[in-house]
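Residue-level structure breakdown
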Amino acid sequence: MASHGVPRVAETTQRTEAQRLEEERQIREYRDLEDLITTKIAERQYTLEVLELTSKLLKKNPEYYTIWNVRRRLLIYGLFSKPSVSSSHSTESLNTSLIDTTKASFENSSFSTTTSSAASTTIPQNPVSPNRGRNGTTLDLIKADLEFLFPIMMKYPKCYWLWNYRLWLLQEANERLEPVVARELWKRELTLVGKMLVKDSRNFHGWGYRRRVVSELESSRLGGQSMVESEFEYTTKMIHGDKGLSNFSAWHRRSKLIPRLLGERSASDEARRLFLDDEFELIIAAMYTDSYPYQQSAWFYYQFLMTTVTDYVGHATITPNFTPEDRAEYVTRQLIILKDMLDGAEDCKWIYNALIDYTMALCRIEERAVDSDERQDCATWLTELRKLDPDRSGRWDDMEKSLRN
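Considerations on the packing of helix α16 (residues 372-388) against helix α17 (residues 393-404)
With their axes 10 Å apart at the nearest point, α16 and α17 run at an angle of 170° to one another. For the element pair α16 / α17, the angle class is roughly antiparallel. Contact residues: α16 offers R375, C378, A379, L382, L385 and R386, while α17 offers S393, W396, D397, M399, E400, L403 and R404. Split by residue class, the contact of α16 with α17 holds seven nonpolar, one polar and five charged.

As structure tokens, this is what we get:
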């Protein structure tokens, strides 16, 4: 079994007695830690000490979503609710180190049940509603928690709860900090997610997170402006990177940016036509150069481009003012390219499928029936599809019926 081309090898080595005993010790330690947190939360001890305990447990098991919720409660009803210093301190602290006490708790793998009297103060049984702390201490706590998450995210980049919790922290920053301060935190996230996508450019968690970060940075609440141009360039960079052709997320992001990009440019009909030509050139050149036409992700993007020409009604199209003659011209041109692509790639089902689909689309655009030559070509291509992909025999039967009608 492999994930993103990385083989997964089953562990077959027999454990030694020492290894078995060590594992049992770690299990006991884990359960004791879990019980200790449960006890302290039941007593409403929303303190820095308990935050340290959750840090230790989450390093061992970041999938434990209940503990992430416990951590939220600790901050909302405990640490965020404590008096904060003036807002002027927060702006300076953006470039200073994290508070020593919190940072130490994140770096130290051990914990102590003995803390200062201030940290160990228990919150009353019925804590008041969380107040809107302003900067200072609140900012330090959020920054420290973001810093705590980063090494865990690098180790477990596909863990949903890590990404969810990180977004929650930043949403709290929006609510509790001045907009200029919150914006700086979001800007740092753009750098972080860039690092994550360098490590794994196809991590859909990272791409989804990047979309959210960009959306926040563009928002009027944070004094943002459109980033569509820079994001479009980012997709170009990722597509041209290592394994970029198979990057579904990069192609998908690009397809979602294009309508907005052209709209913000106030692109003329001619500019839109040139843009479409460039995109077709990009994807076809990528198919030929990088892996020949076998990458499914590339075909999905090619289908997106063709859909804006063949089935433009109801879509955010690139060329909304194309006439039927314009559309027929583009489809005809692409059919010629697809037939040329078959030379040397006779075993690629995507080409045969596209040839049939767009031959039928051309007939619909020109409002005519399939002629005899086209029918014969489609029958030949359909025969090849049955050989290459027998599992979809029902689909090919439907295609054959549509050709006879």
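Having seen it, we continue.
Focus on unusual backbone geometry
For residues besides glycine, phi is generally negative; the peptide bonds are generally trans as well. One non-glycine residue, R44, lies in the positive phi region at around 60°. In this structure, E367 takes a positive phi of about 55° despite not being glycine. Take E367: it is sitting in the loop between α15 (349-365) and α16. Owing to a relative accessible area of 73%, E367 belongs among the exposed residues under this scheme.

Section: the pattern of salt bridges
Pairing of side chains with opposite charge becomes possible as their charged atoms draw close. This model, assessed by the stated rule, comprises 32 salt bridges. The partner of E29 in a salt bridge is K56, and the shortest N-O contact between them spans 4.0 Å. Here the residue E29 occupies a position in helix α1 (residues 17-42), and K56 occupies one in helix α2 (residues 48-60), the gap between them amounting to 27 residues. Taking relative accessible area as the criterion, K56 reaches 16% and is therefore assigned buried. A salt bridge links E366 to R368; the shortest N-O distance between them is 2.6 Å. Residues joined by salt bridges that share partners form a network here, namely E22, R25, E29, K56 and K60.

Conventions used here
- Residues numbered from 1 in each chain as written.
- Predicted model: local features only at pLDDT ≥ 70, side-chain atom pairs only at ≥ 80, totals over all residues.
- Heavy atoms only, no water.
- Axes fitted to C-alpha atoms, helices over the stretch in contact; angles between N-to-C directions.
- Helix = DSSP H or I, 4+ residues; strand = E, 2+ residues; numbered from the N terminus.
- Parallel < 35°, antiparallel > 145°, perpendicular 65-115°, else oblique.
- Contact = heavy atoms within 4.5 Å.
- Nonpolar A, V, L, I, M, F, W, Y, C, P; charged D, E, K, R; others polar.
- Buried < 20%, exposed > 50% of the residue type's maximum accessible area, 1.4 Å probe, protein only.
- Salt bridge = Lys/Arg side-chain N within 4 Å of Asp/Glu carboxyl O.

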